[in-house]
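# Descriptive structure summary
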Amino acid sequence: WKGPFSSYMRVHTIGAFINGLFPFKLGDVAKSVLMAKKAEASRVAILTSVGTEYLFNATSLLVLWAGGIVFLSFPVAFRTLFFVMAAASTLLLGGYYVLSHPTLAWGRRAEKALRLIVPAAVAAAFRKFFQHVGEGLALLRHPRLTARALSLSFAAWGVEIVMVVLVLYGFHIA
């Protein structure tokens, strides 16, 4: 985001409002469309960056669950579910990393090979699509920024969990 912070906050607030009114996180889609217009970026790049945010949230939750599994006793089925989700999150993070480097995800050889199967225009469209995906995943090319984003996500979910626990204790549920 290269515009003024107030413009970003306006778009973010609109997205949060729509999320409150409609199901399926439609506010995030609206936020992506508005950001793409304001930032003059492709919608694919903005939607990919929103997907990255969800991946960071999932990774943070898995880390917090791991802490819960270590310190609390859970049934075997829950532990198995955790490990399956951790493996899926790790694979997604690895796939996102590969996609964030356009030369790894979509090189000239892949485009030439695809042109043997489909028309050149379709192959070029695939190449352009993956370039936009790479733009949306640019954060993953910078380890320090990725670590900051993950740590902020982890902290946000930690605060959420503390709030839920405090409410449970406040109502004598826990």
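Read on for a plain summary of the structure. (Residues numbered from 1 in each chain as written. Predicted model: local features only at pLDDT ≥ 70, side-chain atom pairs only at ≥ 80, totals over all residues. Heavy atoms only, no water.)

### Describing helix α1 (residues 5-21)
Relative to the 24 Å expected for 17 residues at 1.5 Å per residue, α1 spans 25 Å between its end C-alpha atoms, a close match to the ideal helical length. Among all positions of α1, only S7, V11, G15 and I18 are buried. For α1, the buried positions fall inside an angular range of 70 degrees around the axis, keeping them on one side. Counted as exposed and oriented over 90 degrees from the buried face of α1: F5, F17 and G20. (Helix = DSSP H or I, 4+ residues; strand = E, 2+ residues; numbered from the N terminus. Expected span 1.5 Å × (residues − 1). Buried < 20%, exposed > 50% of the residue type's maximum accessible area, 1.4 Å probe, protein only. Arc of directions from axis to C-beta.)

### Describing unusual backbone geometry
Here H172, not a glycine, exhibits a phi torsion of approximately 55 degrees, which is positive. Tracing the sequence through the fold places H172 in the segment after α8 (143-170).

### A look at the side chain of S42
Within the element layout of this structure, S42 appears in the loop between α2 (26-39) and α3 (43-71). Looking at S42, its side chain comes within polar contact range of the main-chain nitrogen of A45, at 3.0 Å. (Polar contact = N/O pair within 3.5 Å; in protein donor to acceptor, adjacent residues only side chain to side chain.)

### As for the pattern of salt bridges
In total, this model carries one salt bridge according to the counting rule given. A salt bridge links D28 to K31; the nearest nitrogen and oxygen atoms lie 3.9 Å apart. In this pair, D28 and K31 are both assigned in helix α2, three residues apart and thus about one turn of the helix distant. Given the relative accessible area of 9%, D28 is considered buried. A residue is classified by how much of its surface remains accessible, and K31, at 6% relative accessible area, is buried. (Salt bridge = Lys/Arg side-chain N within 4 Å of Asp/Glu carboxyl O.)

### Let's talk about α8
Over its 28 residues, α8 runs 40 Å from end to end, which matches the ideal 40 Å to within 8%, given 1.5 Å per residue. Looking at the residues trailing α8, positive phi occurs at H172, about 55 degrees.

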